[in-house]
Every structure is written in structure tokens, then in C-alpha cells.
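Notes for the structure review
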Amino acid sequence: MSRARYDWSKLCTDLLRSILESLHPKDFHRARTVCSSWYSVSTTCIRPLYPWRILFRKSSTLLFDPEQDKTIETEHPGTDFSKHCLMASCSNWLLIIDPRLDLYLLNVFTCERINLPSMESLLLRNASFYGNTTSSNISACLWMNERTRDYVVAWSYKEHYLFSYKKGDDSWCEHKGTRCKSLAYKNNKLYVYTSDDYVKILDLSGDSPNEIVEGNPYRNHRFHFVLQPGEHVWKKKVAITNSGEVLIVLSLRGLHEQRLFCIFKMNVESGNWERVDSLGGEMLMFGYGVTIRSPIKEIDGQGIKSDSICFIDYDLWPAAGYFRPNRQIYCGIFDLASSTITWPKISDASVLKSFWFVPGYA
């Protein structure tokens, strides 16, 4: 007697949604990759967004869910995270670079790895590439469509070199003459905050990137601002809100040595950049070029809430021990309303560094 076969992709939508919503976050994010129909149903599930931390040991990762106060450990045999640098994240994916300047994408839940094209030919033409890759000399952004598995990667090295790659390309595209300080990506557009404080927009939808000139309202409006007494800038980053507005976010030292962030948005009518004190109910991942759309689940005691900025300690003005080799890297959350910082703790001495990511966000 033959055994009946059932097509699990054709489960009743309401039943499948009920099953998916009952799963632990790790199992949920694995299940939604089973097939396109499961992914479509997963997008209708009620699962509030909030940032997690990924903690790196030398050859394993710990995923910390702040809502459940639980940690998931995953081994990565043969990988030495002490020598690899996390460049950006998008949803469940990380963009990582190794000491040889080889880049790859890593899914934090499934451990799937996507190797990106070799940089060897570009390295041979640019001898100045050789050296340590750290968060201080790299800027990057990543976009991944979980359903179609399309992705876009862009990164800049020492502000002098800018490269982009999207799934299906034959090789990296080098954007010569574009000195890049920070990057953001949204809707096929790469936003480049240049070293001379302008915002350049590149259209990546075609076979080759093209600069958007007429359709770029920021092109002729150099970012200029007046510091308050006692303020000194440490870093400048570009970010795009869910509505498509461009933000410039500064990390600085304020009066009485206070370390803080401030946000600027351009007034389209006047062309002036104006300081704002809210993200409109969204949450910002500093340096990753994105805001997290509402609703954001607020988690008591963790500092996770809307109108705040998730950051890593080296995003702030250097404090004591900043330049100490092999120090732990901590995550923090800055509350825009009160200008206060919450520091989630790392009790495990074997953790080398920690970063933020937002499961399910795209």
C-alpha cells in the first residue's frame, strides 16, 4: 500500500499562521525559510520587532533574546571570530570580513553562509588595502530580501574606496572618485555620505550603478550645523527612515564630558539641516543606515524602546580603556528624550564583542 504524501506548503493559512506564531523565535525564523508560501504567511504573523544582541566568542556565537532573557549558542567550527570584523546586519543576516578582505554573509539562525566574490583583483590594483580592517576604517551596509534571497552589499575602506555588489553580478563594482564616510541603502538606492559632507545617491537597480542628480534633493545642500558650547564631534553617519527621509546622526562629546548622539534632518524648503529630537516613534541602529519601523516592543529594564539609538561602545567618544587591545566590545542604547544610556551587561568573560541585529526586519 502506497503512503500518502502531503504538500506542507499548502497548509491552511490560518492554521499555519497559528503554528508559526507559537514557535520560539529561532524556530520561527527557520520555518519561514522553508518555502515561499510559508514566508508569505510569516509576514502576517504578529511578532513585534525589537533588537537582539549577538555575542561573539572565538568560534561560536550567542544570540541573546532580551524579551525572554535567554541565550542561544551556535558553534562555528573553523571560524575565528576574534579576527573577523562584523560590518553590518540586515534581518537575520550579518556581513562579515576576514583578515584577507574576503567578505561573506552569515545567517544567525540557520548558520547558512554566502561567500561573496573575491576582492583579489581589486587588491592587486590597490596596494594600500593591506592592513587591519576595523570598525574605524570600514563603513558598510547590507540589504537582504528573506523571501527572494536577493541581496545588496556596499562597503567603503578608509573613505577612499567604495564598492558595491548585488546578487547576480559578476564581480564587485568599484565607485571611483567617491570618498565615502557612511552608507545606507533603501529601495534600490545607495545613499553615500561623502567626506566633504554631501549626500550622493546611486541608483543600483540597473545593470550598472548610476548617480541620481536631478532626483536628489540633498545633492547641493552640504551638511552644516552649529555645535552647542562644549560639543565635539566623534562620528557622522547617514540613515534612512522608513518613510525615505535622510538623517545625519552625530556621535559627540557634550558639555561636562557627556557622551551622546544627535540627529539632523534637512528642511526641504530652506535646504538647511535642522536638529531634531525624535525619530517619530522609530528606533535607529547607529552605523547600519536604517531605522526600525513601528511597532517596536518596549522591554522594561533593557532600555529598548522607540525614539532611541542602538550603538556599540566604540561609536561613542573614546572612554577609558578604549584603545586597550582585545577588550570586550559592549552594546548600548541611547534614549533621545533623556540623553541617558543603558548598558546591557555581558557576564561571560569569554565573549569578545557584541553587536545588535533585528530578527525579521527588512
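As the structure is a computational prediction, the values presented were derived from the model and not from experiment.

A count of helices and strands for the protein chain gives four helices and 25 strands. The globule rule puts the C-alpha radius of gyration for 362 residues at 21 Å, and the 21 Å found for the protein chain is close to it. Dimensions of the protein chain along its principal axes, counting C-alpha atoms only, are 80 × 45 × 45 Å. Among the 362 residues that make up the protein chain, the fraction classed as buried is 51%. Across the protein chain, every contact between residues at least 6 apart in sequence was considered, and the portion connecting residues at least 24 apart equals 52%. For the protein chain, the exposed area adds up to about 17,600 Å²; of that, 48% sits on carbon and sulfur atoms. Across the protein chain, the mean location of the 43 positive side-chain charges is 4 Å away from that of the 40 negative side-chain charges.

Per the stated rule, a full pass over the model turns up 15 salt bridges. Where Glu73 meets Arg57, a salt bridge forms, and the shortest distance between an N and an O atom there is 2.7 Å. Taken together, the residues Glu73 in strand β3 (residues 70-75) and Arg57 in the loop between β1 (52-56) and β2 (60-65) connect sequence positions 16 residues apart. Linked by salt bridges that have partners in common, Arg57, Glu73 and Asp348 make up one network.

Tallying each qualifying case throughout the model produces one cavity of 30 Å³ or more. By volume, the largest cavity is sized at about 250 Å³. Forming the boundary of the largest cavity are 20 residues, of which Met87, Phe286, Gly287, Tyr288 and Tyr314 lie nearest the centre. Secondary-structure elements contributing two or more residues to the lining of the largest cavity are β4 (85-90), β8 (138-144), β16 (232-240), β22 (308-312) and β25 (353-357). Its residues assigned to classes, the lining of the largest cavity shows 14 nonpolar, three polar and three charged.

So, about the sheet that holds strand β9 (residues 151-157). With antiparallel pairing, the four strands of this open sheet are ordered in space as β8-β9-β10-β11. In the strand order of this sheet, the two ends are held by β8 and β11 (173-174), each with one partner. The pairing of β8 with β9 spans seven bridges and is antiparallel. Among the inter-strand pairings, Cys141 is bridged to a residue of β9, identified as Ala154.

On to the sheet that holds β2. In spatial order, the strands read β3-β2-β1-β25; together these four strands make up an open sheet with antiparallel pairing. The outermost strands of the open sheet, each flanked by one partner alone, are β3 and β25. Geometrically, the sheet is characterised by an average inter-axis angle of 25° between neighbouring strands, direction not taken into account. Judged from the four bridges that link them, β1 and β2 form a sheet pairing that is antiparallel. Bridging from a neighbouring strand, Ile54 pairs with Leu63 of β2.

Right, let's get into the pairing of β16. Across eight bridges, β16 lies against strand β17 (residues 246-253) in antiparallel orientation. Pairing of Lys236 across the sheet is with Leu250, part of β17. What sits between the antiparallel neighbours β16 and β17 is a turn of five residues, in which Gly244 has the positive phi angle 95°.

As a further point, take the packing of aromatic side chains. All told, the structure shown has 22 aromatic pairs when counted by the stated rule. Ring centres 6.0 Å apart and planes at 55° place the aromatic pair Trp52 and Phe357 in the tilted group. Separated by 305 residues along the polypeptide, Trp52 in strand β1 and Phe357 in strand β25 bring together distant segments of the chain. Phe357 carries the same exposure label as Trp52, and that label is buried.

Here the focus is the layout of surface pockets. Estimated volume of the second largest pocket: approximately 570 Å³. As for the second largest pocket, its lining consists of 26 residues, and the residues nearest its centre are Phe28, Arg47, Leu49, Pro359 and Gly360. A per-element tally of the lining of the second largest pocket places helix α2 (residues 25-31) first, with three residues. Within the lining of the second largest pocket, the residues separate by chemical class into 14 nonpolar, seven polar and five charged.

Reading guide: rules and limits
Residues numbered from 1 in each chain as written. Predicted model: local features only at pLDDT ≥ 70, side-chain atom pairs only at ≥ 80, totals over all residues. Heavy atoms only, no water. Helix = DSSP H or I, 4+ residues; strand = E, 2+ residues; numbered from the N terminus. Rg over C-alpha atoms; globule rule 2.2 N^0.38 Å. Buried < 20%, exposed > 50% of the residue type's maximum accessible area, 1.4 Å probe, protein only. Contact = heavy atoms within 4.5 Å. Areas by Shrake-Rupley, 256 points an atom, 1.4 Å probe, with all protein chains shown as cover. Lys, Arg positive; Asp, Glu negative; His and termini not counted. Charge placed at Lys NZ, Arg CZ, Asp CG, Glu CD. Salt bridge = Lys/Arg side-chain N within 4 Å of Asp/Glu carboxyl O. 1 Å grid on protein atoms, 1.4 Å probe; cavity = no way out; pocket = protein on both sides within 12 Å on 5 of 7 lines; lining within 4 Å. Points joined across faces, edges and corners; volume = space filled by probe spheres on them. Nonpolar A, V, L, I, M, F, W, Y, C, P; charged D, E, K, R; others polar. Pairing = 2+ DSSP bridges. Axes fitted to C-alpha atoms, helices over the stretch in contact; angles between N-to-C directions. Phe/Tyr/Trp six-rings, centres within 6.5 Å; stacked < 30°, edge-to-face > 60°.

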